[in-house]
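Fold and contact review
Given next are the chains, with one letter for each unit.
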Amino acid sequence: MFIRKIKFFVQLYPLLTAVIGLGIALRVWLFFYGMDVLPQPDVPTYISLAAQMSHLYDTGFREPFFVWWCRFLQIFLNDPHCVFQALRFFGTPFFVATCVLTFQIGRRLFSTPIAISACFLLAINWAQIDNDMSGLRNSWEGLLFMILLALFLADKLSMRTRLTAITITGVCLSLLRLSYFPVLVLLLPAWFWFRKWKCRHCLWMLPLIFLCLVPHYLNNNKISNDPFLSANIHAANFRNVKFAGQPGFPTKEEVALNAFAGPPETVRNLVFKHHTFAQIIGHTLEGIFDLLWGTATTRFFAKNTSWLLYAILLPGFVIGTGFLLMSIQGRLLLYTVITFVLPFAFFKHIHWSYRLIIPLAPLVSLTAFWGLDKLMRFISSLKNDNKAAKDSSFGQVIHKSHHPTPPQISFLVPVYNESKSIVAVLERLQSLPFSKEIVVVDDGSKDGTREKLSSYITENFVLVFHPFNQGKGKAIQTALAHAQGAYVAIQDADLEYAPEEYSKLLDLLQKQKLSVVYGSRFLEKNPNIYKRFLLGNKVLTGVINLFCRSHYTDTYTCYKLMERKTMHALQITSSGFEMEAEISAKVALRNISYAECPITYKPRRLEEGKKIGWQDAVKGIWTTIVIWWNESK
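Residues numbered from 1 in each chain as written. Predicted model: local features only at pLDDT ≥ 70, side-chain atom pairs only at ≥ 80, totals over all residues. Heavy atoms only, no water.

Counting buried positions over the seven residues of strand β2 (residues 409–415) gives seven, a clear majority of the element. Alternating positions in β2 separate into two faces, I409, F411, V413 and V415 on one and S410, L412 and P414 on the other, with burial throughout. As paired elements, β2 and strand β3 (residues 436–442) share seven bridges and run parallel to each other. Each bridged residue has a counterpart across the sheet, and for V415 the counterpart in β3 is D442. At this point the chain moves from β2, through helix α20 (residues 422–430), to the parallel β3, and the crossover so formed is right-handed. The pairing of β2 with strand β5 (residues 487–490) spans four bridges and is parallel. Counterpart to F411 in the pairing with β5 is A489. (Buried < 20%, exposed > 50% of the residue type's maximum accessible area, 1.4 Å probe, protein only. Helix = DSSP H or I, 4+ residues; strand = E, 2+ residues; numbered from the N terminus. Pairing = 2+ DSSP bridges. Right-handed = clockwise from strand over helix to strand, strands pointing away.)

Written out as structure tokens, the structure is:
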């Protein structure tokens, strides 16, 4: 059965299999031709503590899980050197498992090419190879961290199975490195909230994890009268590294002979006695930045990596980190990474070991290649924009109805990857009780939307296909060129807005003889608005009101009904969502008569396909300033 699954995996993912094979070959080569590699200083300590164990938690100041692992190997291997080589040997299967999880998570969050590229970097990067074959617990940490992340993202498992697996993984992580328990205290509730799981499940998970740590603390207290010896013994070393030779502290010669020289120290005393509150905050922020940026860039990318690969990966990592901040899922990933380095951040300025960043190496790789993918797509879009500017046509007209008399309203419908909702939107527009035409511009959809539109042909229907994605503003410009109605109205291809409410806008426009009517989501209480989008909208609306001396309440609403001649006179040039700011600014600055009408709104989440982001808000503010400057001349 197991062999059959491996054959199926090889047939399904041949390129990933080749990448994993390359990584295995490099690690096997290092194992056989690097037998004289000396163990890192911590490894002999773990091996000696494992040899002296009298009961399960008799592990001294070291974390129990890795001591147990060393003890398990000693049952079959009596020679400490053989135990060290066995620790090195198991780095390869850990790499394989981590690589597979990295692929699954990367494919889920980004794309298959990005996931395979990240696995390739893990396979060939010398810093990662050196880590996998060092014999320390870093391989365990990396694997457990990716298991935890995969469990959070897995949707096919039952809640009971997932919670049990998360708890077991959390116990293993905490026993592997005791400082991971406070990490999980911050991390688990955040992920539960994001995944919309009931946070009370943490109430039994976190105490259970802590109970597995209690015997270790009790044993430390028994042998040294200090239950937190595991952390405090490091504090003495941190103190000596920073203050050695200063009055009241061990001399440099004493520290050279014994890194823990001098009186006992506690983490609490080291942090709060020798540092002000401002220094604590400053050192922590400095440590977070250095761990995420400095270590990843100067070691993970640069160590034994060609300058060409380094020059490619570094910009990708910077851009990818920026894009993590733009999406909700990305921000949660970044929060996860920061949470994992937080226990070590303050001590970065005193003592740092590169191996602590290794558990995050898969995410560093994914982030770098995601950034490169975004960069290449941006360059491609610039080329496409230039191509579109040179091309006089607005797209391929698939179907266009001929009207004996002009319709009352032309609905301009920009579409991009809306296969789930587009037909429902069109049917609701068709049911409106006035003469109309529907002008749909598919802006380079790739999810089956085009096929659905091609099969939806009616008499009052215009269908245009853009050869590639150009943005909402470009789609509206194309639709306007084909519109024939006395009025034009913008209708998004999702169901956030109810098309039936256009009747209210049309009544207000005709009764007050206006040129433009906005459908405002804020004239009446709307409990469905997300706070982050509400804040962005208020900032944008405030900027437009400030520069244009207007009194809008909702400038970025989709619902804008106006005379077709007025829309043509605005001469819209924006290609993206900043088109909304351009319309509002020009209407106000040119003293075109307008009013607002209350409407309802049911927003969708980013994961469901919502496309506007904070970068669009920046473009909107810039567009407003440029238009104000040009119109004021």
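Our focus in this paragraph is the pairing of β3. Most of β3 is tucked away, with seven of its seven residues classed as buried. Covered by surrounding structure in β3 are K436, I438, V440 and D442 together with E437, V439 and V441, the residues of both alternating faces. The sheet contact formed by β3 and strand β4 (residues 461–465) spans five bridges and is parallel. The residue of β4 that forms the bridge with V441 is V464.

Another aspect to go through is the packing of helix α9 (residues 138–153) against helix α10 (residues 159–176). Any two packed helices are characterised by the angle at which their axes cross and by the distance between the axes. The N-to-C vectors of α9 and α10 enclose an angle of 155°; their axes lie 10 Å apart at closest approach. Between α9 and α10, the crossing angle belongs to the class labelled roughly antiparallel. When you trace α9 past α10, the crossing you get is left-handed. Contacts between α9 and α10 involve W140, E141, L144, I147, L148, L151 and F152 from the former and R162, A165, I166, T169, C172, L173 and L176 from the latter. When its residues are assigned to classes, the contact of α9 with α10 shows 11 nonpolar, one polar and two charged. (Axes fitted to C-alpha atoms, helices over the stretch in contact; angles between N-to-C directions. Parallel < 35°, antiparallel > 145°, perpendicular 65-115°, else oblique. Left-handed = near helix turned anticlockwise from the far one by under 90°. Contact = heavy atoms within 4.5 Å. Nonpolar A, V, L, I, M, F, W, Y, C, P; charged D, E, K, R; others polar.)

The geometry of an aromatic ring pair is captured by the separation of the ring centres together with the interplanar angle, meaning the angle of the planes. Going through the model one piece at a time under the given rule, you end up with 28 aromatic pairs. Between the aromatic rings of F411 and F434, the centroid separation amounts to 6.3 Å while the plane-to-plane angle is 25°, which identifies the pairing as stacked. Taken together, the residues span a long stretch of sequence, with F411 in strand β2 and F434 in the loop between α20 and β3 at a distance of 23 residues. For the ring pair Y518 and Y552, a centre distance of 5.1 Å and an interplane angle of 50° mean the geometry is tilted. Remark: Y552 occurs in the loop between α24 (531–548) and β7 (560–563) and Y518 occurs in strand β6 (residues 516–520); sequence separation between them is 34 residues. Y552 matches Y518 in its accessibility class, with the two residues each being buried. Counting every residue linked through ring pairs, the aromatic cluster contains F31, F32, Y57, F65, W68, W69, F72, F76, F89, F90, F94 and W140. Above the face of the F95 ring, R27 is positioned so that its terminal group lies 3.7 Å from the ring centre. (Phe/Tyr/Trp six-rings, centres within 6.5 Å; stacked < 30°, edge-to-face > 60°. Lys NZ or Arg CZ within 6 Å of the ring centre and 35° of its normal.)

Let's shift gears to the packing of helix α6 (residues 91–109) against helix α7 (residues 112–124). In contact at an axis separation of 7 Å, α6 and α7 are set at 155° when each is read in the N-to-C sense. In this view, α6 runs roughly antiparallel relative to α7, as classed from their interaxial angle. α6 and α7 meet at a crossing whose hand is right-handed. From α6, F95, C99, T102, F103, G106 and R107 reach across to α7, where they touch T112, A115, I116, A118, C119, L122 and A123. Its residues placed into classes, the contact of α6 with α7 shows nine nonpolar, three polar and one charged.

Here the focus is the environment of N237. Its location among the elements puts N237 in helix α13 (residues 229–243). In sequence terms N237 and N258 are 21 residues apart; their C-alpha atoms lie 9.1 Å from each other.

All right, on to the sheet that holds β4 then. Here we have eight strands laid out as an open sheet, ordered β1-β4-β3-β2-β5-β7-β6-β8, and mixed in their pairing. The sheet is open, and its two borders are formed by β1 (396–400) and β8 (594–598), each paired with just one other strand. Each strand of the sheet is rotated relative to its neighbour by a mean of 20°, with strand direction disregarded. Against the sheet, α20 engages β2, β3 and β4, with an angle of about 165° to β3.

Turning our attention to the pattern of salt bridges. For the structure shown, the criterion picks out 13 salt bridges. For E501, the salt bridge identified is with K504, shortest N-O distance 3.7 Å. Residue E501 is classed as buried on the basis of its relative accessible area, which comes to 13%. A relative accessible area of 37% means that K504 is categorised as partly exposed. Here the salt bridges share partners, and the residues they tie into one network are K472, D492, K560 and E580. (Salt bridge = Lys/Arg side-chain N within 4 Å of Asp/Glu carboxyl O.)

An ideal rise of 1.5 Å per residue puts 21 Å on 15 residues; helix α11 (residues 180–194) measures up with 20 Å between its terminal C-alpha atoms. If you check which residues of α11 are buried, you get Y180, F181, V183, L184, L187, L188, A190, W191, F192 and F194. (Expected span 1.5 Å × (residues − 1).)

On the surface, I24, V28, W29, F32 and Y33 cluster together to form a nonpolar patch covering roughly 560 Å² of accessible area. Position of V28 among the secondary structure elements: in helix α2 (residues 14–33). (Patch = residues over 30% accessible without salt bridge, like charges linked within 9 Å, V, L, I, M, F, W, Y side chains within 5 Å. Areas by Shrake-Rupley, 256 points an atom, 1.4 Å probe, with all protein chains shown as cover.)

Here we come to the side chain of T555. Within the secondary structure layout, T555 lies in the loop between α24 and β7. Residue class for T555 comes out buried when judged on its relative accessible area of 0%. In this view, T555 contacts Y518, N537, L540, T541, I544, K560, E580 and S584; residues no more than four positions away in its chain are not counted.

Position of M159 relative to the elements: it lies in helix α10. For M159 and W197, which are 38 residues apart along the polypeptide, the C-alpha to C-alpha distance reads 8.9 Å.

The tendency in soluble globular proteins is for nonpolar side chains to be buried side by side. Among the nonpolar cores identified, the biggest contains 97 residues, and F66, L188, W191 and F340 are the most heavily contacted of them. The element that contributes the greatest number of residues to this core is α9, accounting for 10 residues. With residues near it in sequence (within four places) discarded, L188 still touches F152, I166, C202, M205, L206 and I209. Membership of the second largest hydrophobic core comes to 66 residues, among which are F461, L505, L508 and Y559. (Core = buried A, V, L, I, M, F, W, Y, C linked by side-chain atoms within 4.5 Å.)

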